[in-house]
Amino acid sequence: MAFDRRLATNFDWGTLAFSLAIIALSIVLLYSATSERSEGPSGMHVKQLLWTGMGLVSMFAVLCIDYQTLCRHAYVLYGALLLSLVIVLLFGRVVHGAQRWLVLGPWHLQTSELAKPVLILVLARYFTEHTPTGATPLTLRDLPLPLLLVGLPFGLIIKQPNLSTAMVLMVILCVMVLMVGLQRKTLLALFLLGAGALPAAWSLLLKDYQRERLLTLLNPQPDLLGAGYHSWQSKIAIGSGGLWGKGLLAGTQSRLSFLPERHTDFIFAVLAEEVGFVGVLLLMCLFGCLLVHGFTIAYRSRDRMGALIATGVVTMLAVQIFLNIGMTVGLVPIIGLPLPLMSYGGSSLVMTFLCLGLLMNVRMRRFQGSAFPS
Amino acid sequence: MMARYSSPGEPGTSDDEVIYIQRSLPPSNDGFRRRLGALLTVVLISFCLLLGRTWQLQVMQGEYFLRLSEQNRLRSLRTKSLRGKILDRHGSVLADNRTAFTLMAIPADLPPRDQLLPLLRTLNIDIDPETLRPRQRTAALKPVPIQRDFPRDQVAYFAEHRMDFPGMFIEVEPLRTYPYSTLAAHLLGYLGEINELQLQYGKDLGYYLGDLVGQAGLEQAFEDVLRGQPGLRQVEVDALGRETQVIAVRPATPGIDLVLTLDLPLQQLAERLLEGHSGSIVALDPRNGQILALASHPTFDPNAFVPRPSLATWRALSTDAHFPLHNRATQGQYPPGSVFKIVTALAALADGVVTPHTTVCCAGSYDYGEHTFRDWKPSGHGCLQLRQAITQSCDVYFYHVGQLLGVDRIAHYAQAFGLGQLTGFAAGMEKSGLVPSSLWKRRVRGQPWYAGETLSVAIGQGYTMTTPLQVANMLATLANGGTLYKTSIVLRQEMLHNPIPFATSPTVLHQLRVPPQYVTAVQQGLWSVVNDAKGTGKMARHDQIAIAGKTGTAQVVQLPEHHASPHRQEYLPEQYRHHAWFAAYAPFEAPQIAVVVMIEHAGKGGSQFAGYAKTLIEAYLRQSYPVAAVPLNTTKLTR
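Residues numbered from 1 in each chain as written. Chains lettered and ligands numbered in written order. Predicted model: local features only at pLDDT ≥ 70, side-chain atom pairs only at ≥ 80, totals over all residues.

## Section: the overall build of chain B
Along the backbone of chain B there are 22 helices and 25 strands. Counting the 639 residues in chain B, one finds 43% classified as buried. The contacts of chain B with a sequence gap of at least 6 include a subset with a gap of at least 24, amounting to 75%. (Helix = DSSP H or I, 4+ residues; strand = E, 2+ residues; numbered from the N terminus. Buried ≥ 20, exposed ≤ 12 C-beta atoms within 10 Å, placed from the backbone. Contact = placed C-beta atoms within 7 Å.)

Printed below as a string of structure tokens:
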């Protein structure tokens, strides 16, 4: 396979710079959050650096293959994804009551993370094939197949159960359908259908603890020692940080374990507690820049497929950022969901880099086709 | 599929060059870019939402949450103060502290029920975890005891596996021990866990749920003195309640020791004499009102209340027909019987109704109105003066003077002798008894006083109710010539063996204003009771010690109100027999001790128990006791 020289000149420094800046912030916070007063740092930040290295490698690997080629093999990847999800359900390791982990020697993989990039590719492929011109909006008849494509991994992931990842997949599907364009009356019909299906989903899809979390959010006087404990401690951590924060290594909520899952899902609360609103502002700016940059890539993409891939990646990042931070600040029910590039965890980090690789892929190849205008 | 993207066979292409034949249109051709803009707007708005919320939490409510995070982090733990000891007047320790371990829990840090139950089971603790659940959220951070007197082997096990028991810790908490077991149990009282009401009143004093406080006796009456001031340790804890560092310490102040006026050997002798009876013995120093002995029988072992009585013990004590928890010496109220004739006699002399030489003839009964009042001796005592009347306890003589006096003058003198009021040695430990008067009857019963009732009152029957302690104080007042002292039980208070300022001088409640020769006349009557050949208290006679005394028989079932209410008889099934009194003091010329022996349902009068008083007086005045008191052997806690 040839490596176009233009790829190097068009290298997407923006995405790389923003994501590495976020990673740097994350490493500092991980160092702070997991250091014991008596025992010193736990080494998690070093491990995360290792994951970052792996993520960068896989990102460059993805960069080297044209996203067109990737899309061409999307269905193969899709098959592999389904297979891995089935294997996890059959042989996966159970942690905290959820069967999410595939153990391969020293590696523990969360294969559901793979579903995000693979489905972005599959959907981009499907929509470019079925609405090549984009002139006609989608109708109800165009929807069952993409729904099925997402539905299979969605079902398998729900079964684990891993509601948050499954939800992200659904949001990606919805946003991509909306971006491709939908007939107005179809949109209306779907909206009504969705409103009708909510109660059914409530009773059939959700587990007891998930319902409790949702109710906790609605209840203004939650049981602070029971179901509302995590949300409440997270709010205390964030609020007590104030404008300037308590300082690194000085966050009492996180360091004395009042904050649950402080190095993974609640890393934002550690940031808010130790570095304060200033740190939050910095992180949000970095995330904002990354996303706006991603939007530009989608906007300026060479073709429709690239635009859809970029949109998918940006949507995925935005949804996860919103849900994770929303959950720590008490706007969204507590759902186990990592903050991209910030939370500790190999699978999530490598997957995020893979997706960013797709984004850069689209950005770098936007000039390639210019010699052959259609 | 491949053909749609490239056509390898076409000229001008090579394998390593990708050619895009049919490509999707650039996104600008449809509404894609417009919708992309809309999506960006949505994303930016949601970012603003997150930032706004964070601003609200961190900047607008920052101080509130900072306070909450401090509350999370900081625990104020009390270090309990060592309770003051209780000693007798010679320094023997009656209530002490011993080392004990208490398993404590901070409710907020305990694991959920399904994890907690097996944890508690490994420690051999069988309690419902619900009892540890705090009633209010604010109370969830305050430690509560799970089990007191935690066995030592369990303590060792717990210490080794501390990390397996989140939210629990071991506290060294001294527990009370009473080395002389049942000795003076009613007087000393016992401790128990603080109840809801006490908690409400004690909140400002720093009492917490689960604290052990005095629930009876002196332990309760002198709770504020004995308790001391608890100390404070402010520590930082993690989410599992484990201490990470100590921030501040304020040491506890130990409680103050109470040195009682009680004389341990005398108390022990009194309790031995009471064995086999239901009754009480009180000994006072007539010179100052100090309580030397205060015994009540049947009794109980206050050690059984440490840390709390077992259900079986409690049931046995509370359902016993002889009410072992009842302090008969201060809370038992009985008609004084003939002992009351002391009051009637003095009232009659003081008010000039009779002189010491007035003669009244007794034929065994006294007719008054339509009723005939009987003397205890049916054949009568013949004609006698005051001294013989007291010596032989002639009822007819006192019917006569009582009828001349009227109830209200009798009541006046009864009160001057401290009857019908608290003797005052400690708060909440005694009953006040009753001295009837016409005013009282009109107010309480709504009826006028009938003159016939005065006759019963004159010989200590009727409505009159007294406690043995009151009778002892009455006798002490007579013995010292008419000074009514407030009884006292605390000789001094000590802090680490140094006396602390405390008013120890005796308090005079009332001074009888009666010509001394009348007091002497009554005193001589009492001397004759013991020393005269016809005296009713001959058994108290002593060769070397001049003892004066008075017998008494309190009729229980022949009281008018007992006739009137039949269910009262049911309530007291075996109690048809009279109570026996014997009150004495010695030495006659310069009294040092006043003793009251009161035996419930003894059947006969107090004459047969006069010997008890003699034994006590002799032992006390000679300071020689048949047996020495031996304390129980327990691990004592030294400061």
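## Comments concerning the overall build of chain A
For chain A, the count of helices and strands is 15 helices and three strands. Each of the 374 residues in chain A was classed as buried or not, and the buried ones make up 49%. Of all intrachain contacts in chain A linking residues separated by at least 6 positions in sequence, the fraction that spans at least 24 positions is 72%.

## Looking at the sheet that holds strand β2 (residues 98–104) of chain A
For sheets, the rule is that strands pair by backbone hydrogen bonds, running either parallel or antiparallel. All names here are of chain A. Taken in spatial order, the three strands line up as β1-β2-β3 in an open sheet, and their pairing is antiparallel. The outermost strands of the open sheet, each flanked by one partner alone, are β1 (93–95) and β3 (107–110). For this sheet, the mean inter-axis angle between neighbouring strands, taken without regard to orientation, is 45 degrees. Pairing between β1 and β2: three bridges, direction antiparallel. Following the sheet pairing, Val 95 is matched in β2 by Ala 98. (Pairing = 2+ DSSP bridges. Axes fitted to C-alpha atoms, helices over the stretch in contact; angles between N-to-C directions.)

## Remarks on the confidence of the model for chain B
All names here are of chain B. On average, residues of chain B carry a pLDDT of 84, and 87% of them reach 70 or more. Ranking the helices and strands of chain B by mean pLDDT puts helix α18 (residues 468–479) first, with 96, and helix α21 (residues 566–571) last, with 38. Counted against residues more than four places away or in other chains, residues 1–22, with its pLDDT under 50, gives 17 contacts. The low-confidence segment residues 635–639, where pLDDT is below 50, has eleven contacts with residues more than four positions distant or belonging to other chains. Scored by ipTM, the complex comes to 0.92, with pTM at 0.64. (pLDDT = per-residue confidence, 0-100.)

## Focus on the sheet that holds strand β12 (residues 257–260) of chain B
Residues and elements named next belong to chain B. In space, the six strands of this open sheet follow the order β7-β3-β2-β12-β20-β21, with mixed pairing throughout. In the strand order of this sheet, the two ends are held by β7 (175–177) and β21 (498–500), each with one partner. Two strands pair when backbone bridges link them, and strand β3 (residues 93–98) and β7 are joined in this way by three bridges, in the antiparallel orientation. Residue pairing for β7: Asp 96 is matched across the bridge by Thr 177.

## Here we look at the confidence of the model for chain A
Residues and elements named next belong to chain A. On average, residues of chain A score 86 in pLDDT, and 92% of them are at 70 or above. Per-element mean pLDDT across chain A ranges from 71 in helix α10 (residues 208–218) up to 95 in helix α13 (residues 267–299). In the model, residues 370–374 has pLDDT below 50 throughout and makes three contacts with residues more than four positions away in sequence or in other chains.

## Considerations on the nonpolar core
Core analysis: the biggest nonpolar cluster contains 124 residues, and Ile281(B), Ala283(B), Leu346(B), Leu475(B), Ala584(B) and Val595(B) have the highest contact counts within it. Two domains each provide a minimum of three residues to this core, namely domain 1 (98–230) and domain 2 (264–622) of chain B. Residues contacting Val595(B), with those up to four places away along its chain left out, are Ile281(B), Ala283(B), Ala584(B), Ala613(B), Leu616(B) and Ile617(B). Ile238(A), Ala318(A), Ile325(A) and Phe353(A) belong to the second largest nonpolar core, which has 106 residues in total. (Core = buried A, V, L, I, M, F, W, Y, C linked by C-beta atoms within 7 Å. Domains from an automatic or database assignment.)

## Observations regarding the environment of Met429(B)
Residues and elements named next belong to chain B. Note on placement: Met 429 falls in the loop between α15 (407–416) and α16 (438–445). Of the residues examined, Met 429 has 23 C-beta atoms within 10 Å and is grouped as buried. Spatially, the C-alpha atom of Met 429 lies 8.5 Å from that of Leu 187, the residues being 242 residues apart in sequence. Setting aside chain neighbours within four positions, we find Met 429 in contact with Gly 217, Ala 221 and Thr 330.

## Some thoughts on helix α6 (residues 115–130) of chain A
For α6(A), built from 16 residues, the straight-helix expectation of 22 Å at 1.5 Å per residue is met to within 8% by its first-to-last C-alpha distance of 22 Å. With 14 of 16 residues buried, α6(A) lies mostly within the body of the structure. (Expected span 1.5 Å × (residues − 1).)

## Points about the environment of Pro265(B)
Its location among the elements puts Pro265(B) in helix α9 (residues 264–274). Here the alpha-carbon distance between Pro265(B) and Pro626(B), two residues 361 residues apart in the chain, equals 9.2 Å.

## Structural notes on the pairing of strand β23 (residues 548–554) of chain B
The buried count for β23(B) comes to seven of seven residues, which makes it a mostly enclosed element. Of the two faces of β23(B), both are covered, the one formed by Ala548(B), Lys550(B), Gly552(B) and Ala554(B) as well as the one formed by Gly549(B), Thr551(B) and Thr553(B).

## Describing the packing of α9(B) against helix α22 (residues 610–622) of chain B
All names here are of chain B. Following both chains from N to C, one finds α9 and α22 inclined at 160 degrees, their axes separated by 10 Å at the closest point. Accordingly, the angle class assigned to the pair α9 and α22 is roughly antiparallel. In the crossing of α9 with α22, the sense of the turn from one axis to the other is right-handed. On α22, the residues that touch Leu 266, Leu 269, Ala 270 and Leu 273 of α9 are Tyr 612, Thr 615, Leu 616, Ala 619 and Tyr 620. (Parallel < 35°, antiparallel > 145°, perpendicular 65-115°, else oblique. Left-handed = near helix turned anticlockwise from the far one by under 90°.)

## Details of the packing of helix α2 (residues 13–34) of chain A against helix α3 (residues 44–64) of chain A
Residues and elements named next belong to chain A. Relative to each other, α2 and α3 sit at 155 degrees, their axes nearing to 8 Å. Compared by their axis directions, α2 and α3 come out roughly antiparallel. Here the hand of the crossing between α2 and α3 comes out right-handed. Each of Ile 23, Ser 26, Ile 27, Leu 30, Tyr 31 and Thr 34 in α2 lies in contact with α3, whose residues at this interface are Met 44, His 45, Gln 48, Leu 49 and Thr 52. Grouping the amino acids of the contact of α2 with α3 by side-chain chemistry returns six nonpolar, five polar and no charged. (Nonpolar A, V, L, I, M, F, W, Y, C, P; charged D, E, K, R; others polar.)

## A word on helix α8 (residues 163–180) of chain A
An ideal rise of 1.5 Å per residue puts 26 Å on 18 residues; α8(A) measures up with 26 Å between its terminal C-alpha atoms. Residues Ser164(A), Thr165(A), Ala166(A), Val168(A), Leu169(A), Ile172(A), Leu173(A), Val175(A), Met176(A), Val177(A), Met179(A) and Val180(A) constitute the buried set of α8(A). Close packing links the buried residues of α8(A) with α6, α7 (144–159) and α14 (304–328) of chain A together with α1 (32–60) of chain B. One or two residues past the end of α8(A) sits Gly181(A), with phi positive at roughly 115 degrees.

## Some thoughts on the pairing of strand β16 (residues 365–368) of chain B
All names here are of chain B. Pairing geometry for β16 and strand β17 (residues 371–374), over four bridges, is antiparallel. Each bridged residue has a counterpart across the sheet, and for Tyr 368 the counterpart in β17 is His 371. Where β16 folds back onto β17 in an antiparallel hairpin, the turn is made up of two residues, including Gly 369, whose phi is positive at roughly 60 degrees.

## Digging into unusual backbone geometry
Residues Gln160(A) and Pro161(A) are joined by a peptide bond in cis, for which omega reads -5 degrees. In this fold, Pro161(A) is placed in the loop between α7 and α8. Val306(B) connects to Pro307(B) through a cis peptide bond whose omega is -10 degrees. Relative to the elements of secondary structure, Pro307(B) occurs in the loop between β14 (290–297) and α10 (311–319). Phi angles above zero are rare outside glycine, and Ala184(B) is one such case at about 55 degrees. Looking at where Ala184(B) falls in the secondary structure, it is placed in the loop between β7 and α5 (185–188).

## Focus: the environment of Thr165(A)
Residues and elements named next belong to chain A. With respect to the secondary-structure elements, Thr 165 resides in helix α8. Distance from Thr 165 to Ala 115, taken between C-alpha atoms, is 8.7 Å for residues 50 residues apart in sequence. In contact with Thr 165, not counting residues within four places along its chain, are Ser 112, Ala 115 and Ile 157.

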